[in-house]
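Structure at a glance
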Amino acid sequence: MNFRTIIEPFKIKSVEPISVTTEDQRTHFLEEAFYNPFKLKSEHVLIDLLTDSGTSAMSSKQWSAMLDGDEAYAGSKSWLRMESEIKDLTGFEHILPTHQGRAGERILYGYLGGKGKVFISNTHFDTTRANIEFSGAEAIDIPIEESQHPLLYHPFKGDMDFLKLEQLIKERGAENIGAVILTVTNNSGGGQPVSMHNAERVSEICKQHNVLFILDCCRIAENAYYIQHREAGFENVSYREIAQKMFALSDGCVMSAKKDGLVNMGGFLALKDQALSDACTNLLIITEGFVTYGGLSGRDMEAMAVGLREVFDPDYLRYRIRSTEYLGEKLFKMGVPLIWPIGGHAVYIDAKSLYSHIPVDQYPGQALVCELYLKGGIRSVEIGSVMFGKYDDNGKLIPAPNKLVRLAIPRRVYTQSHIEYVIEVFEKILEKRIQQED
Ligand SMILES: *Cc1c(COP(=O)(O)O)cnc(C)c1O
């Protein structure tokens, strides 16, 4: 039976109070934070939609596994448990634990990169690009054309433009390509999914040119949900099998377990090739730790082993994707302009069209971020010229292409009434905007 209400497929065993503040107090807190949400104290935030990274609520199974954490320096049974879970999921032979995603990126892309190397992605996430560029290499994004139109519906707006991929490999020379990186879902592109068909084409092209193909798989479970529901031929394939199929197309992956690992800290590198894994292992030991913990405590590895299995639970995934969609659809119906369709982990609002009366050099996105906090204690993040803008020699803003505000939804943290509250805050903001325009 299909019910209209998306209930949380869990009940609450432990609660964390959140602080209710007044608008006057928040005006003061925001001033003190220099209008920068990253400088706010989290205790002054009512609903925290800054990021979905590391903010998940863990299950009672994860917490109980943590007590069983084995903190041995070498050969910890928690490591063996996590390693076998990751091997089973990814199919890769070589697993390297890291304290979070970017540590894996620094190791892998630091090793593969360097001056003259080129990395190609649907869209490099910020830390991915930073690690590649820091090595002296170049990072090129080639999302499909459809991704550039916020309101256009496309079932897999996270796809890579594989014709451009082929062209770029020919232009730059296969020997100069550090790796091709498919980010699933495409975080910087609005949390949009990548189809299996696209991953297959990318894989074929990489094989043909003998280029390394890496998955940035932070949200591979959310991506699998979309494939089962939107791509022909996958209706009866389980989410986990879909993810496994995608891993099988690649040569390795980098994961921030702070997303679909359902943990607050952790990550890993998983690789097919022995020689590449050996080189990365040497780098791992320098900064992360010994090969059987890599910056993680035994209890962290226990939590990740359980989280990586729980995230593929069909009831959880349905609730996860549908509840993010619910917020987006409600806002859209109210007339809030946003990236369409709604992505898996966040709703992206087009602040430039919402606040069309605010000039770009007065940061419409940041204005909305501040307004959400003042009116409702909601913390969000600007993804526009405050984050990515540059200044010319005269100090004039060179605006970023997008003026977005992201509402990222932590996993299993907020209930439907929290989300209804967020919607109500938007109603008040829209009312105020209409009054101002009159
Ligand atoms: C979060 C994220 C990373 C980096 O992971 P951290 O755990 O934050 O270091 C890399 N790629 C993508 C797509 C991400 O979302």
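Keep in mind it's a predicted model, so treat the numbers as computed, not measured. (Residues numbered from 1 in each chain as written. Predicted model: local features only at pLDDT ≥ 70, side-chain atom pairs only at ≥ 80, totals over all residues. Heavy atoms only, no water.)

Some details on the overall build of the protein
Secondary structure assignment for the protein yields 16 helices and 14 strands. Taken over C-alpha atoms, the radius of gyration comes to 22 Å for the protein, in line with the 22 Å a tight globule of 438 residues would show. Each principal axis of the C-alpha atoms in the protein carries an extent, and together these give about 65 × 55 × 45 Å. The long-range share in the protein, meaning contacts at least 24 apart out of those at least 6 apart in sequence, stands at 72%. Total accessible area on the protein stands at roughly 19,600 Å², and carbon and sulfur atoms take up 53% of it. Taking the average location of the 47 positive side-chain charges in the protein and that of its 59 negative ones, the two points are 1 Å from each other. (Helix = DSSP H or I, 4+ residues; strand = E, 2+ residues; numbered from the N terminus. Rg over C-alpha atoms; globule rule 2.2 N^0.38 Å. Contact = heavy atoms within 4.5 Å. Areas by Shrake-Rupley, 256 points an atom, 1.4 Å probe, with all protein chains shown as cover. Lys, Arg positive; Asp, Glu negative; His and termini not counted. Charge placed at Lys NZ, Arg CZ, Asp CG, Glu CD.)

Regarding the packing of helix 8 (residues 220–230) against helix 12 (residues 314–333)
Where helix 8 contacts helix 12, the axes come no closer than 10 Å and their chain directions differ by 85°. Viewed along their axes, helix 8 and helix 12 adopt a mutual orientation that is roughly perpendicular. Packed against helix 8, whose contacting residues are Ala221, Glu222, Tyr225, Tyr226 and Arg230, the element helix 12 presents Leu317, Arg318, Arg320, Ile321, Arg322 and Glu325 at the interface. Partitioned by chemical class, the residues of the contact of helix 8 with helix 12 number five nonpolar, no polar and six charged. (Axes fitted to C-alpha atoms, helices over the stretch in contact; angles between N-to-C directions. Parallel < 35°, antiparallel > 145°, perpendicular 65-115°, else oblique. Nonpolar A, V, L, I, M, F, W, Y, C, P; charged D, E, K, R; others polar.)

Topic: the environment of Cys218
With respect to the secondary-structure elements, Cys218 resides in the loop between strand 6 (213–216) and helix 8. When the C-alpha atoms of Cys218 and Thr292 are compared, they prove to be 21 Å apart, with 74 residues separating the residues in sequence. Those residues within four positions of Cys218 in sequence are excluded, and the remaining contacts are Val184, Val254, Met255, Ser256, Lys259 and Asp260.

Describing the domain arrangement of the protein
How big an interface is tends to be stated in terms of the accessible area lost upon association of its parts. Structurally, the protein comprises domain 1 (23–45 + 313–437) and domain 2 (60–310). With centres defined by C-alpha atoms, the gap from domain 1 to domain 2 works out at 28 Å. On the domain 2 side, the residues contacting the 23 residues of domain 1 number 26 residues. It is Leu317, Pro341 and Arg411 in domain 1 that bury the most area against domain 2; as a group they hold 28% of the surface buried on that side. Counting every contact that joins domain 1 to domain 2 gives four salt bridges. For the salt bridge of Glu222 with Arg320, the shortest nitrogen-to-oxygen distance reads 2.8 Å. Scanning the region where domain 1 abuts domain 2 turns up 13 residue pairs in polar contact (both at pLDDT 80 or more). (Domains from an automatic or database assignment. Buried area = accessible area lost by both parts, 1.4 Å probe. Salt bridge = Lys/Arg side-chain N within 4 Å of Asp/Glu carboxyl O. Polar contact = N/O pair within 3.5 Å; in protein donor to acceptor, adjacent residues only side chain to side chain.)

Some points on the sheet that holds strand 5 (residues 177–183)
Picture the strands of a sheet paired through backbone hydrogen bonds; they go either parallel or antiparallel. Read from one edge to the other, the open sheet built from seven strands follows the order 2-8-7-6-5-3-4, with strand pairing classed as mixed. On the outer flanks of this sheet lie strand 2 (94–98) and strand 4 (138–141), each paired with one strand and no other. For this sheet the average axis-to-axis angle between neighbouring strands, irrespective of direction, equals 20°. (Pairing = 2+ DSSP bridges.)

Overview of empty space enclosed by the protein
Summed over all chains, the structure comprises two cavities of 30 Å³ or more. As a volume, the largest cavity reaches approximately 130 Å³. Together, 14 residues line the largest cavity, and Glu8, Tyr319, Ser323, Tyr414 and Ile419 are the ones closest to its centre. Taken together, the elements giving at least two residues each to the lining of the largest cavity come down to helix 12 and helix 16 (416–437). Of the residues forming the lining of the largest cavity, the biggest block, five residues, is contributed by helix 12. Of the residues assigned to the lining of the largest cavity, the class counts are seven nonpolar, four polar and three charged. Along its surface, the second largest cavity is lined by Gly190, Gln192, Leu338, Ile339, Pro341, Ile342, Gly343, Ala346, Val347 and Tyr348. Along the lines of polarity and charge, the residues of the lining of the second largest cavity split into seven nonpolar, three polar and no charged. (1 Å grid on protein atoms, 1.4 Å probe; cavity = no way out; pocket = protein on both sides within 12 Å on 5 of 7 lines; lining within 4 Å. Points joined across faces, edges and corners; volume = space filled by probe spheres on them.)

Some remarks on the side chain of Glu325
With respect to the helices and strands, Glu325 occurs in helix 12. Of note is the side chain of Glu325, whose polar atom sits 2.4 Å from the side chain of Arg322.

Concerning the pairing of strand 8 (residues 267–271)
Burial of strand 8 is extensive: five of the five residues sit out of reach of the surface. Relative to strand 8, strand 2 runs antiparallel, the two sharing five bridges. Looking across to strand 8, one finds that Pro97 is bridged to Phe268. Direction of pairing for strand 7 (residues 252–256) relative to strand 8: antiparallel, over a ladder of five bridges. Counterpart to Ser256 in the pairing with strand 8 is Gly267. (Buried < 20%, exposed > 50% of the residue type's maximum accessible area, 1.4 Å probe, protein only.)

A closer look at the site of the ligand
Surveying the vicinity of the ligand reveals 14 residues, the closest of which are Gln100, Arg102, Asp216, Ser256 and Lys259. Ser256 is positioned such that a nitrogen or oxygen atom in its side chain is 2.6 Å from an oxygen atom of the ligand. Notes on the ligand: free accessible area 380 Å², of which the protein chains cover 97%. Ranked by the residues each element gives to the shell around the ligand, the list is headed by helix 4 (residues 101–112), at three residues. Residue composition of the shell around the ligand, by class: two nonpolar, six polar and six charged. (Near = heavy atom within 4 Å.)

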